[in-house]
Amino acid sequence: MKTMQNMPRKHVFVCVNERTDGRDCCANVQGKEIFTELKQWVIAERRSDIWITKTGCMGFCNASGTTIVVYPDRKWFLEATMDDIKKIKDFLDLTRSVL
């Protein structure tokens, strides 16, 4: 077993859950697009201190927006839409470490 030495300062989990039974899911409310936007932002800004990870259902799938959680802050963004991306990026930038 190995342990990691360079842990991220923030780890962002974005629900991209897909359902085929007609129930609400984050894939139907741009979960994948929000994940991609955040991932591309991290890459473009060279933010190796932030990791963006796709997840399955975190228990809050709905018809309005996706679920995002940021650790270690334990900050949950429920029903997040593309219109909320700037607020999420701003939250991630609030405590930006000096690289």
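Everything below is about the structure shown above.
Just so you know, these numbers come straight off a predicted model, no measurement behind them. (Residues numbered from 1 in each chain as written. Predicted model: local features only at pLDDT ≥ 70, side-chain atom pairs only at ≥ 80, totals over all residues. Heavy atoms only, no water.)

K.L.:
Help me out: how do you make sense of the nonpolar core in this one?
P.N.:
One broad rule of soluble globular proteins: the nonpolar side chains tend to lie buried together. Membership of the largest hydrophobic core comes to 18 residues, with the highest contact counts inside it found for Val 12, Val 14, Leu 38, Ile 52, Ile 68 and Leu 92. Those elements that place two or more of their residues in this core are β1 (10-15), α1 (31-44), β2 (50-55), β3 (66-71), β4 (75-80) and α2 (85-94). Broken down by element, the residue count for this core peaks at five residues, all from α1. Dropping the residues within four chain positions of it, Val 12 is found in contact with Leu 38, Ile 50, Trp 51, Ile 52, Thr 53, Ile 68, Val 69, Val 70 and Leu 92. Membership of the second largest hydrophobic core comes to five residues, among which are Cys 25, Cys 26, Ala 27 and Cys 61. (Core = buried A, V, L, I, M, F, W, Y, C linked by side-chain atoms within 4.5 Å. Buried < 20%, exposed > 50% of the residue type's maximum accessible area, 1.4 Å probe, protein only. Helix = DSSP H or I, 4+ residues; strand = E, 2+ residues; numbered from the N terminus. Contact = heavy atoms within 4.5 Å.)

K.L.:
What am I meant to see in the pairing of β3 here?
P.N.:
Side-chain positions along a regular strand alternate between the two faces of the sheet. Buried residues dominate β3, accounting for five of its six residues. In this structure, β1 lies alongside β3, joined through four bridges in antiparallel fashion. For Val 12, the partnering residue across the bridge sits in β3 and is Val 70. Following β3, the chain reverses through three residues before pairing antiparallel with β4; Arg 74 in that reversal takes a positive phi of roughly 60 degrees. (Pairing = 2+ DSSP bridges.)

By themselves, these are just geometric observations and shouldn't be taken as functional.
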